[in-house]
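Coordinate inspection notes
Single-letter residue listing:
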Amino acid sequence: MWPFHGRAEGWQVDNATSGWRDLAAKLCKAQVTRVGIEASGGYERGIVGYLRQRGLTVVVLQPIQVRAFARVHLRRAKNDKLDAILIAACAAIMEAPRIAPDARLAKLAQHLTFVEQIEEDIARLKVRLEHVEDPRLRRVVVADIARLKARRRAELHRIVAGLRAHHDLSHRLDLVLSVPGIGERTALALVIRMPELGRLSRQQAAALAGLAPFDDDSGNHKGQRHIAGGRERLRRSLYAAALPAAFRWNKALVALYARLTERGKAHNAALIACARKLLIYANTVVARGTPWIETRATI
């Protein structure tokens, strides 16, 4: 369903190339330059890419944004037509993306999601193996784990090769890899899932990844700070990298983790702070265009 904001007219087209083509022609004829689309688990990718290729500004809204907009305007009724009207109204007041989406990274992101799903399958099989006693069944599960690990390595190799084919992306990857504690897997997640890297403030980068601590205060009440929102898959990659980085690979994070835990911070809270620092370091080296330089403390 495609309504015009502020007008009664609208159309309904198929989510296929023929429908996209028809919609783009109608939007062009109506002199529409901005389109709002609600994210729907990836089903929106085709039409978003098609319209952007034709020069339209596409604002992709998260469902939580549309629901919040509906609550603000006291809209409780819900059907496809009403949802479309809400999306159009919400997109009309939202800021357009400040950084144009990179089609190269959008394709690589789909491949990286596939790798992450393989990793989730491996984790489930490892849990299952803990409860399997029959020798034959254990061999089956072990073989499945080995097969998935081999597939993961092959897919990661393809992603790196695809990224290395572009000089600017390859240079960005090398800069991120220069940060101690960030390995290839985490560097890929940063470069692919945060195309804005190097063009954001440290606060903006942390918020975008869902690693910024938010206040929960009211009057005299001082609530516990917590993280929320952001890009979940990127946050998970950074959190997974924070543990080895804070215990071995990054001297600054080793010192940060020790300071925080000595002050009574919980293990998870300290690791979140270390994950946030890793992101800030990556953002800094990309912004400067120079690799990480290990500094020595002066006596």
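Our subject is the structure listed above.
Only a predicted model underlies this, so the values are computations on that prediction, with no experimental measurement involved. (Residues numbered from 1 in each chain as written. Predicted model: local features only at pLDDT ≥ 70, side-chain atom pairs only at ≥ 80, totals over all residues. Heavy atoms only, no water.)

Looking only at helices and strands, one finds 12 helices and six strands in the protein chain. Counting all 299 residues of the protein chain, 38% fall into the buried class. Summarising the internal contacts of the protein chain: among those between residues at least 6 apart in sequence, 60% fall at separations of at least 24. Carbon and sulfur atoms provide 53% of the accessible area of the protein chain, an area that totals close to 18300 Å². (Helix = DSSP H or I, 4+ residues; strand = E, 2+ residues; numbered from the N terminus. Buried < 20%, exposed > 50% of the residue type's maximum accessible area, 1.4 Å probe, protein only. Contact = heavy atoms within 4.5 Å. Areas by Shrake-Rupley, 256 points an atom, 1.4 Å probe, with all protein chains shown as cover.)

Here helix α1 (residues 17-29) is 13 residues long and its end C-alpha atoms lie 18 Å apart, about the 18 Å a rise of 1.5 Å per residue gives. Every buried residue of α1 is listed here: Gly19, Trp20, Leu23, Ala24 and Leu27. For α1, the angular spread of buried residues about the axis comes to 135°, placing them on one side. Opposite its buried face, α1 presents the exposed residues Cys28 and Lys29, each directed more than 90 degrees away. Backbone geometry just downstream of α1 places Gln31 in the positive-phi region, at approximately 60°. (Expected span 1.5 Å × (residues − 1). Arc of directions from axis to C-beta.)

Another point: the pattern of salt bridges. Applying the stated criterion across every chain yields a total of 14 salt bridges. For the salt bridge of Arg185 with Glu119, the shortest nitrogen-to-oxygen distance reads 2.8 Å. Note that Arg185 is positioned in helix α8 (residues 184-193) and Glu119 in helix α5 (residues 103-129), a separation of 66 residues in sequence. For Asp144, the salt bridge goes to Arg147, with nearest N and O atoms at 3.3 Å. Pair noted here: Asp144 and Arg147 are both in helix α6 (residues 135-164), with a separation of three residues, about one helical turn. (Salt bridge = Lys/Arg side-chain N within 4 Å of Asp/Glu carboxyl O.)

The subject of this paragraph is the nonpolar core. Grouped together as the largest cluster of nonpolar side chains are 49 residues, with contacts concentrated most on Val176, Leu190, Ile192, Leu238 and Leu279. At the level of elements, α5, α6, α7 (167-177), α8, α10 (232-249), α11 (251-262) and α12 (267-288) are the ones that each hand at least two residues to this core. Counting residues per element, this core draws most heavily on α12, at 12 residues. Grouped together as the second largest cluster of nonpolar side chains are 15 residues, Trp11, Ala24, Val32 and Leu56 included. (Core = buried A, V, L, I, M, F, W, Y, C linked by side-chain atoms within 4.5 Å.)

Take the pairing of strand β4 (residues 57-61) next. Looking at chain direction, strand β3 (residues 34-38) and β4 are connected through five bridges and run parallel. Residue pairing in the sheet places Gly36 in a bridge with Val59 of β4. Read from β3 through helix α2 (residues 45-53) to β4, the crossover connection turns out right-handed. (Pairing = 2+ DSSP bridges. Right-handed = clockwise from strand over helix to strand, strands pointing away.)

The next point concerns the side chain of Asn250. Considering the arrangement of structural elements, one finds Asn250 in the loop between α10 and α11. Residue class for Asn250 comes out buried when judged on its relative accessible area of 1%. Within the structure, Asn250 has its side chain in polar contact with the backbone oxygen of Pro180 (distance 2.8 Å). Each residue touching Asn250, except ones within four places of it in the same chain, is listed here: Val179, Pro180, Ala245, Tyr281 and Trp292. (Polar contact = N/O pair within 3.5 Å; in protein donor to acceptor, adjacent residues only side chain to side chain.)

Turning next to the environment of Asp174. Inspection of the secondary structure assignment puts Asp174 in helix α7. Remark: the alpha-carbon pair of Asp174 and Ala187, spanning 13 residues in sequence, is separated by 8.5 Å.

Our focus in this paragraph is the packing of aromatic side chains. Enumeration according to the criterion identifies three aromatic pairs in this entry. Centroid distance Trp20 to Tyr50: 5.9 Å. Interplanar angle 50°. Geometry classified as tilted. Taken together, the residues Trp20 in helix α1 and Tyr50 in helix α2 connect sequence positions 30 residues apart. Both residues of the pair, Trp20 and Tyr50, count as buried. Measuring from centroid to centroid gives 4.9 Å for Phe247 and Tyr257, while their planes differ by 50°, and the two rings are tilted. One end of the pair, Phe247, is in helix α10; the other, Tyr257, is in helix α11, with 10 residues separating them in the sequence. With a relative accessible area of 14%, Tyr257 lands in the buried category. The cationic tip of Arg54 hangs over the ring face of Tyr50; the distance from NZ or CZ to the ring centre is 3.6 Å. (Phe/Tyr/Trp six-rings, centres within 6.5 Å; stacked < 30°, edge-to-face > 60°. Lys NZ or Arg CZ within 6 Å of the ring centre and 35° of its normal.)

As a further point, take α12. End to end, α12 covers 32 Å across 22 residues, agreeing with the expected 32 Å (1.5 Å per residue, within 8%). Count one or two residues on from α12 and you reach Gly289, which has phi positive near 80°.

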